[in-house]
Amino acid sequence: MKKLALLSLVALAGMANAATYEIDPFHTNARFAIDHFKTSTNVGGVYSLTGEMEFDKAKRTGKIDIELPLANLQSSSKEFTEHLLSADLFDAEKYPTMRFESTKFNYTGKGKARKLSSVDGKLTLLGQTHPVRLHANKFNCYDSPMVKTEVCGGDFSTTIDRTKWGMDYLVNVGMAKNVRIDIQVEAAKK
């Protein structure tokens, strides 16, 4: 009985260290860039993202779940945005959201020099889910004087082969398959 009580206390203590953070839609976005026939780079982004993050500073563990509503996709023009949303590319009528769910936070270094280096997870796009690794360009937590709570966030990047998700538009005539994605995330402690 004492052993069970001790295990329960240890489990509760572990849960007490993890905090839940709500994604700040004003400071969270995902931007993409893709080579356009080796002449220029097409860019766009999805804004006002929503979701939650759990983070345990002491254990260096966490998870994040972000929804990317394609209704908030923007590009250089109304016409280009409409084409991106069409069945040729994002097919937003059939698949109105994208989603990223982490599976693991990865760290490098030791002691005070230990820092978040990447986040492994699953990206759902066009109804298909595949693994991706987001590289952490920076990550930090601070006490926000504006929202009066702790805020954690960072800048992350990855490059994906869009054809893995079935986005094959113009690949057969030389349009690039690889898309660079840059994600800025901030989340406020609940």
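The preceding data block contains the structure.
Because the structure is predicted, anything quoted here is derived from the model rather than measured.

Enumeration over the complete set of coordinates arrives at four aromatic pairs. Seen in terms of ring centroids, phenylalanine 32 and phenylalanine 90 are 6.0 Å apart; in terms of plane orientation they differ by 55 degrees. Their pairing is tilted. Linking phenylalanine 32 in strand 2 (residues 29-36) with phenylalanine 90 in the loop between helix 2 (78-85) and strand 7 (97-108), this pair joins segments that are 58 residues apart in sequence. In terms of burial, phenylalanine 32 and phenylalanine 90 fall into one category: buried. Aromatic ring contacts, followed pair by pair, group Phe55, Phe105, Phe139 and Phe156 into a single cluster.

Next up on the list: the pattern of salt bridges. When charged atoms on two side chains of opposite charge get close, those side chains can pair. Throughout the structure, instances matching the rule amount to nine salt bridges. Residue arginine 99 is joined to glutamate 101 by a salt bridge in which the shortest nitrogen-to-oxygen separation is 3.7 Å.

So, on to the layout of surface pockets. Approximately 470 Å³ is the volume found for the largest pocket. Considering the residues around the largest pocket, the lining is formed by 29 residues, among which Phe32, Leu84, Phe90, Met167 and Val179 are closest to the centre. If you list the elements that add at least two residues to the lining of the largest pocket, you get strand 2, strand 3 (40-47), helix 2, strand 7, strand 8 (115-125), strand 9 (128-143), strand 10 (150-161) and strand 11 (178-189). Considering each element in turn, the lining of the largest pocket owes the most residues, five residues, to strand 2. For the lining of the largest pocket, the class distribution of residues is 23 nonpolar, four polar and two charged. Considering only enclosed or pocket space, the second largest pocket measures out at about 160 Å³ in volume. Those elements that place two or more of their residues in the lining of the second largest pocket are strand 8 and strand 9. With three residues, the single largest contributor to the lining of the second largest pocket is strand 9. Grouping the constituent residues of the lining of the second largest pocket by class yields five nonpolar, one polar and four charged.

What counts and what doesn't
Residues numbered from 1 in each chain as written. Predicted model: local features only at pLDDT ≥ 70, side-chain atom pairs only at ≥ 80, totals over all residues. Heavy atoms only, no water. Phe/Tyr/Trp six-rings, centres within 6.5 Å; stacked < 30°, edge-to-face > 60°. Helix = DSSP H or I, 4+ residues; strand = E, 2+ residues; numbered from the N terminus. Buried < 20%, exposed > 50% of the residue type's maximum accessible area, 1.4 Å probe, protein only. Salt bridge = Lys/Arg side-chain N within 4 Å of Asp/Glu carboxyl O. 1 Å grid on protein atoms, 1.4 Å probe; cavity = no way out; pocket = protein on both sides within 12 Å on 5 of 7 lines; lining within 4 Å. Points joined across faces, edges and corners; volume = space filled by probe spheres on them. Nonpolar A, V, L, I, M, F, W, Y, C, P; charged D, E, K, R; others polar.

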